[in-house]
Each structure stands twice: as structure tokens, then as C-alpha cells.
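Reading the structure
The primary structure of each chain is shown beneath.
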2 protein chains.
Amino acid sequence: MTPDSQEPRWLTAEQRLAWLDMVRVLTRLPATLGAQLERDAGLTFFEYHVLSMLSEIPGHALRLSRLAQLTSSSLSRLSNVVKRLEARDLLRREPDPADGRASRAVLTAAGMAAVEQAAPGHVTLVRELVVDPLDAVQLDQLHAAHERILDRLDPASSTRPEWLET
Amino acid sequence: MTPDSQEPRWLTAEQRLAWLDMVRVLTRLPATLGAQLERDAGLTFFEYHVLSMLSEIPGHALRLSRLAQLTSSSLSRLSNVVKRLEARDLLRREPDPADGRASRAVLTAAGMAAVEQAAPGHVTLVRELVVDPLDAVQLDQLHAAHERILDRLDPASSTRPEWLET
DNA sequence: TCCAAATAGTTCAAGTTTGAACTTTCTGTC
DNA sequence: GACAGAAAGTTCAAACTTGAACTATTTGGA
């Protein structure tokens with residue numbers, strides 16, 4: 001194995017500008033979406049994401065470990081959030097009959113209603129901030145870039161929901 | 001003023017896939033970069049970002065409110081972080097002579113050393129995850145998309161550091 | 001000049017996230 | 001079938017973030 005060179009390859013001026021703008025998006029976009037959801041629906045961005053995943057899956061139920069992959073969260077984080085959401089009656093946990101270690105999170109009717117109530121405002125803001133300012137080609141290019149980045153971030157691609165068809 | 005239509009314009013299947021992949025990037029990328037910085041340099045991503053902004057500015061000093069804009073953070077969050085960084089001697093606060101309400105954060109020698117120690121590993125990971133998997137054209141397209149998104153997120157563009165030339 | 005409103009920053013309590021340690025159940029191998 | 005190790009969740013304390021309330025200055029009119 002050759003040793004790493006002492007100096008890394010620094011970013012060029014252009015790369016650095018691109019990266020700084022990406023950091024701004026990475027920071028502000030979740031904050032802005034989260035603030036809207038919190039205000040209008042009393043949900044954090046992450047809570048919404050959890051409920052929304054469940055609402056879209058056939059059966060509205062998923063193992064916590066799978067849900068953690070799909071939402072890119074640690075099991076610990078998810079466990080805490082699921083406990084809170086269960087206390088609010090938005091979902092419930094039930095043991096997985098197929099595996100004694102596992103639990104499944106199941107969306108309740110109230111949880112479904114919460115997603116349905118929150119979704120329009122959320123989607124409108126996603127459109128306003130991300131989808132509408134880009135034309136179809138640009139959105140495609142953005143998606144392609146994200147796919148490449150995800151290949152590095154998550155080589156197993158285990159976070160891509162298998163029920164979504166391209 | 002025409003009323004909003006009751007139903008929002010939902011996302012098309014393609015838009016939805018693009019958005020879901022963007023959410024994955026938004027979630028995982030900061031977490032991954034943060035974990036590396038924490039492990040190797042004892043800094044959160046945000047702390048690194050603050051110190052790194054200071055390290056790049058002429059004079060290594062900035063008003064807190066300007067630093068908050070540049071790092072896309074609330075003044076409250078910044079104030080907390082600056083207090084911690086000051087306790088670790090990585091920067092210090094001094095009153096702004098020009099305005100009795102304001103303080104300036106000034107990078108210390110130890111703070112500069114911390115940035116210099118953390119930067120190589122951080123830059124290497126940014127390259128690995130974002131810059132290198134894209135070719136120059138794709139990175140440009142990504143940057144262009146981010147610029148449009150930032151126009152919506154931050155219409156005043158006040159977060160773009162004026163000392164950076166394109 | 002004076003005062004209302006705006007700006008800069010701090011603080012505090014409440015809520016969230018993290019990572020490590022732990023329990024329970026499952027799996028593969030001998 | 002027994003056991004080591006992996007996998008699924010949970011929990012706890014420490015750390016971090018948030019928003020609201022607060023103090024202290026400054027600014028822009030009347």
C-alpha cells in the first residue's frame with residue numbers, strides 16, 4: 001500500500017465555491033422545511049419523513065431497522081422518535097411475528113391523517129424551493145449528481161426503497 | 001389575490017425520486033462529514049465551518065451577526081458555539097469598537113492550528129464523496145442548481161461571502 | 001432632542017440527537 | 001444441540017439546537 005501523500009489535493013477555486021454553496025443548501029434547506037412543518041403540522045422534518053415513508057408503503061408498516069435505513073437515521077434516533085410518535089398515537093409498534101428481535105412500526109389512522117394534513121404545505125414548499133426553480137433537465141442533472149454522491153455515501157444502496165419504480 | 005387551490009401540485013414520479021434522493025444526501029452527507037471531523041479533530045461540522053470561515057477571512061475576525069449569516073445559522077446557535085469555542089481557546093470574542101452592541105469573533109493561533117489540522121482529512125472526504133465522483137461539467141451543473149435553490153432560500157444572498165471572487 | 005423601533009447578542013428551558021452499553025433473539029458452525 | 005457472534009431494539013447521559021424572552025445599544029424620524 002502506498003502511503004497517503006502528506007498534503008491532500010486541495011479544492012480549486014471553482015470547486016470550493018461549488019462546495020460552499022452546497023453547504024449552504026445542506027444547512028438551510030432542512031431548516032426551512034423543518035420550520036414550516038413544525039409551524040403548520042407540529043412535526044419535525046424527520047418525523048414527517050418517517051410518517052410519510054410509512055404512508056407510502058403497502059400495508060403502512062415497516063420494521064424499525066428497515067425504516068432506519070430508508071430514513072438514513074440511526075436506530076437509536078429512530079427508536080426515540082418512534083416512541084414519541086407512538087405516545088402521540090400517530091403510529092404503534094407491534095412485535096414482528098417473523099423475528100422475535102424485531103418490531104414493526106404501523107401507521108395509525110391518526111398518523112395517516114397527520115401526513116395528509118401536512119403534505120400539501122410541505123410539497124408546495126419543496127416545489128417552491130427546489131423543483132420549480134429548476135427546469136426538467138436541471139432537475140435531472142441534480143438527481144444524477146445525487147445518485148453519484150449516494151453511491152459513495154451508501155455503496156450498498158440499501159436506503160433506496162425497493163417499492164419505488166424508476 | 002386569487003386563493004390557493006385546495007390541492008397542491010403534487011410531484012411527478014420523477015420529481016419525487018429526485019427529491020427523495022436529495023433528502024438522502026441532505027441527511028447523510030452532513031452526518032458523514034460530521035462524524036469524520038468529530039473523530040479526527042474533535043469538532044462538529046458546524047464548529048469546523050465557523051473556524052474555517054474565520055481562517056479564510058482577512059484579519060481572521062468577524063462580527064457574530066455576519067458570521068451567523070455566512071454559516072447559515074441563527075445568532076442563538078452561533079452564540080452558544082462561540083462560547084464553547086472560546087472556552088477551548090480556539091477563538092476569542094472582543095467588543096466591536098464601531099458598534100457597542102456588536103462583538104467580533106477572532107481566531108486564535110490555537111484555532112488556526114485546529115483548522116489546519118482538521119482541513120486535510122475533511123477536504124479529502126469532501127473530494128471522495130462529492131467532488132471526485134462528478135466530472136467538471138456535472139459539478140458545474142450541481143453548482144448552478146444550488147445557486148437557483150439558494151435564490152429561493154435566501155433571496156438577499158447575504159450569505160455569500162463578499163471576499164470570495166468567482 | 002427624544003423616543004419608538006430595530007439590531008446585536010445572551011440566556012434559559014425544553015426538546016432532540018448521539019454514541020456507548022445493554023438485553024434479547026437469531027444464525028451458522030462445530 | 002450448544003455456543004459464539006451478529007442483529008434488533010432500547011436506554012441513558014452528555015451534548016447540541018431551538019425559540020422565546022431579555023438586555024443593551026443604535027438609528028431614524030417627529
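Going by what an unreviewed UniProt entry lists, chain A is known as DNA-binding transcriptional regulator, MarR family and is assigned to Lentzea waywayandensis.

Residues and elements named next belong to chain B. Read across the open sheet, the 3 strands follow the order β1-β3-β2; overall the sheet is antiparallel. With one partner strand each, in any of the chains shown, β1 (61–63) and β2 (91–95) form the two edges of the open sheet. If you compare each strand with its neighbour and ignore which way they point, the axes differ by 25 degrees on average. Pairing of β2 with strand β3 (residues 103–107) involves 5 bridges; the strand directions are antiparallel.

Turning to the protein's contact with DNA strand C, a few remarks are in order. For DNA strand C, the set of nearby residues contains 19 residues, the closest of which are Arg-77 and Gly-100 of chain A together with Ser-65, Arg-93 and Ser-103 of chain B. Atoms of DNA strand C within 4 Å of the protein belong to the sugar or the phosphate in 72% of instances, the rest to bases. At a separation of 3.5 Å, a sugar or linking oxygen of DNA strand C approaches a polar side-chain atom of Arg-101 of chain A. Between DNA strand C and the protein, one listed contact pairs a phosphate oxygen with a backbone N or O atom of Ser-103 of chain B at 2.6 Å. Elements that contribute at least two residues to the surface near DNA strand C include exactly α4 (75–87) of chain A together with α3 (64–70) and α4 (75–87) of chain B.

Quick look at a negative patch on the surface now. Residues Glu-14 of chain A together with Asp-140, Glu-147 and Asp-151 of chain B make up a contiguous surface patch of negative charge. At 3 residues, helix α6 (residues 136–153) of chain B tops the list of elements feeding residues into the negative patch. Following the sequence through the fold, Asp-140 of chain B ends up in helix α6.

Counted as a void, the largest pocket has a volume near 540 Å³. As for the largest pocket, its lining consists of 24 residues, and the residues nearest its centre are Leu-26 and Pro-30 of chain A together with Leu-26, Thr-27 and Pro-30 of chain B. Sorting the residues of the lining of the largest pocket by element identifies α1 (13–41) and α2 (45–56) of chain A together with α1 (13–41) and α2 (45–56) of chain B as the ones contributing at least two each. Looking at the lining of the largest pocket, its residues break down into 11 nonpolar, 10 polar and 3 charged.

The rules behind the values
Just so you know, the residues in each chain are numbered from 1, in the order the chain's sequence is written. Going through the entries in the order they are written, you letter the chains from A and number the ligands from 1. Totals for whole chains, interfaces and linings use all residues, but because this is a predicted model, local features are given only for residues with pLDDT of at least 70 and pairs of side-chain atoms are given and counted only at 80 or more. To get the side-chain values, all heavy atoms of the structure are used, and hydrogens and water are removed first. Note on pairing: DSSP must find at least two bridges between two strands before they are called paired. Only DSSP runs of H or I reaching four residues or more are called helices, and only runs of E reaching two or more are called strands; each is numbered from the N terminus. Between N-to-C directions, angles cover 0 to 180 degrees, with each direction set by a line fitted to C-alpha atoms, over the stretch in contact for helices. By convention in this text, a residue qualifies as near a molecule or strand provided that one of its non-hydrogen atoms is within 4 Å of it. Under the rule applied, a polar contact is a pair of N or O atoms within 3.5 Å (in protein, one hydrogen donor and one hydrogen acceptor; residues adjacent in sequence only if both atoms are side-chain atoms). Patches here are clusters of residues that have more than 30% relative accessible area and form no salt bridge, with a 9 Å joining cutoff for like charges and a 5 Å cutoff for nonpolar side chains (Val, Leu, Ile, Met, Phe, Trp, Tyr). Only the protein chains shown count as cover for residues, with accessible areas throughout obtained via the Shrake-Rupley method and a probe of 1.4 Å. For salt bridges, the criterion is a side-chain nitrogen of Lys or Arg within 4 Å of an Asp or Glu carboxyl oxygen. Here Asp and Glu are counted as negative and Lys and Arg as positive; His is not counted, and neither are the chain ends. One atom stands in for each charge, and that atom is NZ of Lys, CZ of Arg, CG of Asp or CD of Glu. Within this scheme a cavity is a closed region of a 1 Å grid, computed over the protein atoms alone, that accommodates a 1.4 Å probe without allowing it to escape, whereas a pocket is open but has protein on both sides within 12 Å along at least five of seven lines; lining residues each have an atom within 4 Å of a point. Grid points are joined across faces, edges and corners, and a volume is the space filled by probe spheres set on the points. Classification used: nonpolar for Ala, Val, Leu, Ile, Met, Phe, Trp, Tyr, Cys and Pro, charged for Asp, Glu, Lys and Arg, polar for all others including Gly.

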